[in-house]
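Listed below, chain by chain, are the residues.
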Amino acid sequence: MSADVIDGKAFAARVRTEVAGHVTRLRTDHGITPGLAVVLVGEDPASQVYVRSKGRQTAEAGMNGFEHRLAASTSEEDLLALVNNLNADPAVHGILVQLPLPDHIDEALVINAIDPAKDVDGFHVSNVGLLGTGQKSMVPCTPLGCLMLLRDRHECLSGMNAVVIGRSNIVGKPMAQLLLLDSCTVTVAHSRTRQLPDVVRQADIVVAAVGRARMVRGDWIKPGATVVDVGINRIAAPEMGEGKTRLVGDVDFEDCSRVAGAITPVPGGVGPMTIACLLANTLTACCRVNGLEEPERLTA
Ligand code: GUN
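For clarity, every value in this text was computed on a predicted model and none was experimentally measured.

K.L.:
It is not clear to me how the sheet that holds strand β3 (residues 64-70) should be interpreted in this structure. Could you clarify?
P.N.:
Spatially, 3 strands are ordered β3-β2-β4 in an open sheet, and the strand pairing comes out parallel. Edge positions in the sheet fall to β3 and β4 (94-97), since each has one partner strand and no second. Ignoring strand direction, the axes of neighbouring strands in this sheet form an average angle of 15°. Relative to β4, strand β2 (residues 35-41) runs parallel, the two sharing 4 bridges. Bridging across to β4, Ala37 finds its partner in Ile95.

Structure, rendered in structure tokens:
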């Protein structure tokens, strides 16, 4: 068997087009333009790439982007003051503080200083609690993107066995909550899970978010299962030339493709969905604060 390859890049482009359509209507019908503020502290190269990409896609969707680049030496107090200003700014509907933050800044303190209604990352403890209790919340972008891909592949997720590998606050835990809300039977596995291959073999849906290159092997996969790979790992690629590197996921794509029913590639799978969902969340936040109907297909 050769798995269907789930085209996250194409799906994300459709989501962005849908968002842009709503943004146009908001402007023409209500004179409102959604605004997203992105805060980057320091010069982490990967974060700089993400932030640039977010800025470009925000503009392409017709939204206002507000970029704040601060020195790595910025004090916690100054960062909190900026967050407070953004909370109070009516032109800003979404706030994203790029993680990781420098060591001298308390990440939880900063995230929980963001107005939960503008917390487009869904990391604020209020949003975490709302999601965990099945109430309306802002949902973290990467798990939301995975859910959209899964719902597109399967008419109904109810009753399916889902194994999430990874227990991070950003992906693993919210992914498990979302699958539970769609009535999956959910197992959260992690680096200490015993007999991990046997656990994964029970899954109709596998979401891999552990951060270990090509860890999930083909013989871990139940025939026909859907495999969603959240991992982004850079590995040496001497076959492409001396000193070259390439990106791989947490799943051994070639091996698992022989067994799975559907699989997301890396790159081009979950990655593009994350920024598309960030734009969708910004639109949702803007609609909510203005008391307007929110676009239903773009939320959980
Ligand atoms: N750093 C890596 N991924 C993310 C994300 O989804 N949100 C934020 N704020 N920082 C990140």
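K.L.:
Is there a simple way to think about the pattern of salt bridges in this case?
P.N.:
Any two side chains of opposite charge can pair, so long as their charged atoms come close to each other. Summed over the entire model, instances satisfying the criterion amount to 13 salt bridges. Each of Arg217, Asp252, Asp255 and Arg258 takes part in salt bridges that share partners, so that together they form one network.

K.L.:
Hey, could you run me through the site of the ligand in this one?
P.N.:
As a structural note, the neighbourhood of the ligand is formed by Leu96, Val97, Gln98, Leu99, Asp121 and Phe123. With respect to the ligand, the backbone of Val97 contributes an N or O atom lying 2.9 Å from a nitrogen atom. For the ligand, a nitrogen atom lies 2.5 Å from a polar atom in the side chain of Asp121. Across the complex, the protein chains shield 79% of the 280 Å² of accessible surface that the ligand would expose by itself. Of the residues belonging to the shell around the ligand, the class tally is 4 nonpolar, 1 polar and 1 charged.

K.L.:
What is the right way to read the pairing of strand β9 (residues 233-236) from this model?
P.N.:
Each regular strand carries side chains that alternate between the two faces of the sheet. Burial along β9 is one-sided: the residues Asn233 and Ile235 are buried and none of Arg234 and Ala236 is. Taken together, the 4 bridges between β9 and strand β10 (residues 245-248) define a ladder with antiparallel strand orientation. When the bridges of β10 are listed, Arg234 appears paired with Leu247.

K.L.:
What's the story with unusual backbone geometry in this structure? I'm lost.
P.N.:
The amide bond that connects Leu99 to the next residue, Pro100, takes the cis arrangement and shows omega of 0°. Cis geometry marks the peptide bond from Val266 to Pro267; its omega dihedral reads 0°. Turning to its location among the elements, Pro267 is positioned in the loop between β11 (262-263) and α10 (271-289). The backbone phi angle of Gln195 is positive, close to 45°, even though this residue is not glycine. When you line up the elements, Gln195 lands in the loop between β6 (185-189) and α8 (196-200). One non-glycine residue, Arg214, adopts positive backbone phi at about 50°. Mapped onto the elements of the fold, Arg214 is located in the loop between β7 (205-208) and β8 (226-229). Given the relative accessible area of 34%, Arg214 is considered partly exposed.

K.L.:
Looking at this structure, how should I read the environment of Ala10?
P.N.:
With respect to the element layout, Ala10 can be found in helix α1 (residues 8-30). Of the residues examined, Ala10 reaches a relative accessible area of 30% and is grouped as partly exposed. As for Ala10 and Pro272, which are separated by 262 residues in sequence, their C-alpha atoms are 8.8 Å apart.

K.L.:
Sorry, what's going on with the pairing of β3 here?
P.N.:
Where β2 and β3 come together, 7 bridges link them in parallel fashion. Note on β3: the bridge partner recorded for Gly35 is Asn64. In terms of handedness, the path from β2 via helix α2 (residues 45-60) over to β3 forms a crossover that is right-handed.

K.L.:
I tried to follow the side chain of Thr284 on my own but got confused; where do I start?
P.N.:
Mapped onto the elements, Thr284 comes out in helix α10. Overall, Thr284 belongs to the buried group, its relative accessible area being 1%. If we skip the residues at most four places from it in the chain, Thr284 touches Glu294 and Thr299.

K.L.:
Is there a simple way to explain the side chain of Asn281 in this structure?
P.N.:
Summarising the element assignment, Asn281 is placed in helix α10. The class of Asn281 is buried, set by a relative accessible area of 3%. At 2.9 Å, the side chain of Asn281 forms a polar contact with the backbone oxygen of Val120. With residues near it in sequence (within four places) discarded, Asn281 still touches Val120, Met138, Val139, Cys141 and Leu144.

K.L.:
Honestly, the nonpolar core in this entry has me stumped. Any pointers?
P.N.:
A general tendency of soluble globular proteins is for nonpolar side chains to be buried together. Among the nonpolar cores identified, the biggest contains 54 residues, and Val15, Val19, Leu157, Leu179, Ile205, Val207 and Leu283 are the most heavily contacted of them. For this core, the secondary structure elements donating two or more residues are α1, β2, α6 (141-153), β5 (161-165), α7 (172-181), β7 and α10. Per-element accounting of this core gives the leading share, 10 residues, to α10. Leave out the neighbours within four places in its chain, and Val15 touches Met148, Met273, Ala276 and Leu298. One finds Ile165, Leu196, Val200 and Val206 within the second-largest nonpolar core, a separate group that totals 20 residues.

Each value, and the rule that gives it
Residues numbered from 1 in each chain as written. Predicted model: local features only at pLDDT ≥ 70, side-chain atom pairs only at ≥ 80, totals over all residues. Heavy atoms only, no water. Pairing = 2+ DSSP bridges. Helix = DSSP H or I, 4+ residues; strand = E, 2+ residues; numbered from the N terminus. Axes fitted to C-alpha atoms, helices over the stretch in contact; angles between N-to-C directions. Salt bridge = Lys/Arg side-chain N within 4 Å of Asp/Glu carboxyl O. Near = heavy atom within 4 Å. Polar contact = N/O pair within 3.5 Å; in protein donor to acceptor, adjacent residues only side chain to side chain. Areas by Shrake-Rupley, 256 points an atom, 1.4 Å probe, with all protein chains shown as cover. Nonpolar A, V, L, I, M, F, W, Y, C, P; charged D, E, K, R; others polar. Buried < 20%, exposed > 50% of the residue type's maximum accessible area, 1.4 Å probe, protein only. Right-handed = clockwise from strand over helix to strand, strands pointing away. Contact = heavy atoms within 4.5 Å. Core = buried A, V, L, I, M, F, W, Y, C linked by side-chain atoms within 4.5 Å.

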